[in-house]
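# Structural overview for review
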Amino acid sequence: MFFNALSRMSSSGCKGKDSWPELVGAKGEAAAATIEKENPLVNAIVILEGTATTRDFRCDRVWVWVNDKGVVIRTPIIT
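Let me begin by describing the structure that accompanies this report.

Thresholds, definitions, all that
Residues numbered from 1 in each chain as written. Predicted model: local features only at pLDDT ≥ 70, side-chain atom pairs only at ≥ 80, totals over all residues. Heavy atoms only, no water. Helix = DSSP H or I, 4+ residues; strand = E, 2+ residues; numbered from the N terminus. Buried < 20%, exposed > 50% of the residue type's maximum accessible area, 1.4 Å probe, protein only. Contact = heavy atoms within 4.5 Å. Areas by Shrake-Rupley, 256 points an atom, 1.4 Å probe, with all protein chains shown as cover. Disulfide = S-S within 2.5 Å. Core = buried A, V, L, I, M, F, W, Y, C linked by side-chain atoms within 4.5 Å. Salt bridge = Lys/Arg side-chain N within 4 Å of Asp/Glu carboxyl O.

### Some remarks on the overall build of the chain
- Looking only at helices and strands, the chain features 1 helix and 2 strands.
- Here the chain, with 79 residues, has 30% of them falling under the buried criterion.
- Long-range pairs, those at least 24 residues apart, make up 36% of the contacts in the chain between residues at least 6 apart in sequence.
- Summed over all atoms, the accessible surface of the chain reaches about 4900 Å², with 57% contributed by carbon and sulfur.

Next comes the structure, spelled out in structure tokens:
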């Protein structure tokens, strides 16, 4: 049986790729674009380190945490 990347369940239980460790150190907006290209089922949201966020889990959301220079500081994951 054949499954493409979007039909596969990830370790989070969501469809498609759910983690982008290779983007740590990249510019936030570029990282968000890469995330949405690699998994079109998610919305990548660039957010400044220290900003308060909601704690609910959603398969369609990836926080892209950046520092004051706009650089990704932690692995973006579906949250």
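### As for the state of the cysteines
- This model, assessed by the stated rule, comprises 1 disulfide.
- Two residues share a disulfide in this structure: Cys-14 and Cys-59, whose sulfurs sit 2.0 Å from each other. On the sign convention where negative means left-handed, the S-S torsion of about -75° between Cys-14 and Cys-59 marks this disulfide as left-handed. Linking Cys-14 in the segment before α1 (28-38) with Cys-59 in the loop between β1 (43-48) and β2 (61-66), this pair joins segments that are 45 residues apart in sequence.
- Overall, Cys-14 belongs to the buried group, its relative accessible area being 1%.

### Examining the pairing of β2
- Most of β2 sits inside the fold, with 6 of its 6 residues counted as buried.
- Across the two faces of β2 the burial is the same, with Arg-61, Trp-63 and Trp-65 and Val-62, Val-64 and Val-66 all buried.

### Thoughts on the nonpolar core
- Counting 13 residues, the largest nonpolar core has Ile-35, Val-62 and Val-64 as its most contacted members.
- Looking at this core, the elements that each hand over two or more residues are α1 and β2.
- Discounting chain neighbours no more than four positions away, the residues touching Val-64 are Gly-28, Ala-31, Ala-32, Ile-35, Ala-44, Ile-45, Val-46, Ile-47 and Val-72.

### What about the pattern of salt bridges?
- All told, the structure shown has 4 salt bridges when counted by the stated rule.
- Put simply, Arg-61 and Asp-56 hold a salt bridge, and the shortest N to O gap is 3.4 Å.
- What makes Asp-56 partly exposed here is its relative accessible area of 36%.
- Residues joined in a network through salt bridges with shared partners are Lys-17, Glu-22 and Glu-38.

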